[in-house]
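What follows is the residue order along each chain.
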Amino acid sequence: MRKAPVNKIIPFSVVDGIGNRTSIFLQGCNIHCGYCHNPETQRMCTHCGKCVEDCPVQALYIEEGKVCWDAIKCVQCDHCIAVCPYFASPKIRFMDAAEVFEEVEKGIPFIRGITVSGGECMLYPEFLTELFKMAKEHGLTCFADSNGTVDFSEYPSLLECCDGVMLDVKSWQEDVYQALTGGLNQTVKKNLRLLAELGKLEELRIVCLPGQVDAKEAIEGIRETIPDQVGAVKLKLIMFRNFGVKGRFAELESPSREYMEELKQCALAAGFQKIIIT
Ligand code: SF4
Ligand code: SF4
C-alpha cells in the first residue's frame with residue numbers, strides 16, 4: 001500500500017461537503033496560492049530544525065538529521081507552523097490507506113462520508129483510490145477537494161470510486177491564474193469539462209479577491225465550458241480573508257459585501273442556481 005503524508009484528520013466536519021464527514025488533509029501542493037489559508041500544508045518539511053526550539057513542550061526533536069514530532073507531548077499550539085519559513089509543518093504522519101481508514105472507521109455511525117483535501121490530494125492518486133475503495137465498501141460517500149491541476153482522466157479507477165470533486169477553479173485567464181498560483185490552469189479547465197460530463201462535479205469554488213482574482217471571468221468561463229450543467233452545480237463564492245495567510249497576501253483586505261453580491265448577480269445571470277456566499 002502507498003503511504004501519503006497526512007497533515008491532519010478531522011473526525012467530524014460539516015464544511016467539507018454534504019452531511020457530517022471525516023476530513024483528511026494531505027501534505028504537499030503543486031501550486032502556491034497567494035491567499036492560501038492553510039499555507040503550512042503546501043510544502044514538505046526540509047528538516048531545517050528552525051521550529052524545534054520554538055516548541056514550548058519539547059514535542060519536537062532531531063533524530064538522525066530529521067525533525068520528529070511527538071504527538072502525545074504536543075499541545076497543538078501551532079508555534080512550529082507560525083515560525084516555519086517553508087510553508088511546511090513538522091506534524092506530518094506518513095500513513096497508508098488502511099491506517100487512515102482505521103481512524104475513519106471510529107466515526108462511521110456518525111458520518112456520511114469522507115472528504116480528502118490538502119495540500120493537493122491528487123498528488124497521491126493511488127493512495128486516494130485505495131482509501132476511497134475501503135470507504136465505499138463501508139457505504140461511505142467519497143469526495144476529493146482538488147485544485148484540478150492533475151488530470152483526472154488518467155485515473156479511471158479513482159474516478160469510479162470517487163462520488164464527487166470539489167473543484168477549486170481559482171481564476172480563469174492564464175496570466176491571472178499564474179500570478180495567483182505560480183501554476184497553469186489548462187488542466188483545471190479540462191477537468192471541469194470531464195467531471196461535469198461524468199456527473200462528478202460536487203462543487204465549484206472561487207476565492208474572491210478583486211485585483212488578484214478574475215472572478216467574473218471565471219464565472220463566465222465556467223458557463224461557456226459547461227453550459228448545460230451550470231444550473232445544477234453548486235457554486236461557492238468564498239470571500240477572501242487574510243486569517244492564516246502568509247506572505248504577499250497577508251495584509252490584503254477582504255472584499256466588500258456589495259462586491260460579493262455583485263458576483264452573485266453575475267452568477268445568477270450566467271445561469272447558476274445554487275450559489276453560496278461564504
Ligand atoms: S504545535 Fe505541538 S509540536 Fe508544534 S510547537 Fe506547539 S506543541 Fe510543539
Ligand atoms: S517544519 Fe519548517 S521550520 Fe520546522 S523543521 Fe520543517 S521546514 Fe524547518
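Treat the numbers as computed from the prediction; the structure is a model and nothing was measured.

A. Representation of the packing of helix α2 (residues 97-105) against helix α3 (residues 125-137) in the model. One can describe the packing of α2 onto α3 by two numbers: an axis separation of 9 Å at closest approach and a directional angle of 40°. When the axis of α2 is compared with that of α3, the two are oblique. Here α2 and α3 pass one another in a crossing that is right-handed. Side by side, α2 and α3 meet where Ala97, Ala98, Val100 and Phe101 of the first sit next to Phe127, Glu130, Leu131, Met134 and Ala135 of the second. Partitioning the contact of α2 with α3 into residue classes produces eight nonpolar, no polar and one charged.

B. Looking closely at the site of ligand 1. Taken together, 14 residues lie near ligand 1, and Cys55, Cys74, Cys77, Asp78 and Cys80 sit nearest. Taken together, the residues that form the shell around ligand 1 break down as ten nonpolar, two polar and two charged.

C. Inspection of the pairing of strand β1 (residues 3-13) at higher detail. In the sheet, β1 pairs with strand β5 (residues 93-96) via four bridges, with the strands oriented antiparallel. Within β5, the residue paired with Ala4 across the bridge is Met95. Of the strand pairs in this sheet, β1 and strand β2 (residues 21-26) are connected by five bridges, and their pairing is antiparallel. Its bridge partner being in β2, Ile10 is matched across the sheet by Ser23.

D. Examining unusual backbone geometry more closely. A cis amide bond links Gly118 with the next residue in sequence, Gly119, at an omega value of 10°. Examined against the element boundaries, Gly119 turns out to sit in the loop between β6 (113-117) and α3. For Glu64, which is not glycine, the phi torsion reads 50° and is therefore positive. Relative to the elements of secondary structure, Glu64 occurs in the loop between β3 (60-63) and β4 (66-69). Glu64 gets classed as exposed once you look at its relative accessible area, which sits at 81%.

E. Broad picture of the sheet that holds β1. Across the sheet, nine strands lie side by side as β5-β1-β2-β6-β7-β8-β9-β10-β11; this open sheet has mixed pairing. Two strands bound the open sheet, and with one partner strand each, they are β5 and β11 (274-277). Sheet twist, expressed as the average angle between the axes of neighbouring strands with direction ignored, equals 30°. In the sheet, strand β7 (residues 141-146) pairs with strand β8 (residues 164-168) via four bridges, with the strands oriented parallel. Residue pairing in the sheet places Ala144 in a bridge with Val165 of β8. On top of the sheet, helix α7 (residues 215-225) reaches β9 (201-208) and β10 (234-239); it is set at about 160° to β9, its chief contact.

F. Inspection of the environment of Phe243 at higher detail. Mapped onto the secondary structure, Phe243 falls in the loop between β10 and α8 (257-270). In the structure, Phe243 is positioned 208 residues away from Tyr35 in sequence and 9.4 Å away in space, judged by C-alpha atoms.

Thresholds applied
Residues numbered from 1 in each chain as written. Chains lettered and ligands numbered in written order. Predicted model: local features only at pLDDT ≥ 70, side-chain atom pairs only at ≥ 80, totals over all residues. Heavy atoms only, no water. Axes fitted to C-alpha atoms, helices over the stretch in contact; angles between N-to-C directions. Helix = DSSP H or I, 4+ residues; strand = E, 2+ residues; numbered from the N terminus. Parallel < 35°, antiparallel > 145°, perpendicular 65-115°, else oblique. Left-handed = near helix turned anticlockwise from the far one by under 90°. Contact = heavy atoms within 4.5 Å. Nonpolar A, V, L, I, M, F, W, Y, C, P; charged D, E, K, R; others polar. Near = heavy atom within 4 Å. Pairing = 2+ DSSP bridges. Buried < 20%, exposed > 50% of the residue type's maximum accessible area, 1.4 Å probe, protein only.

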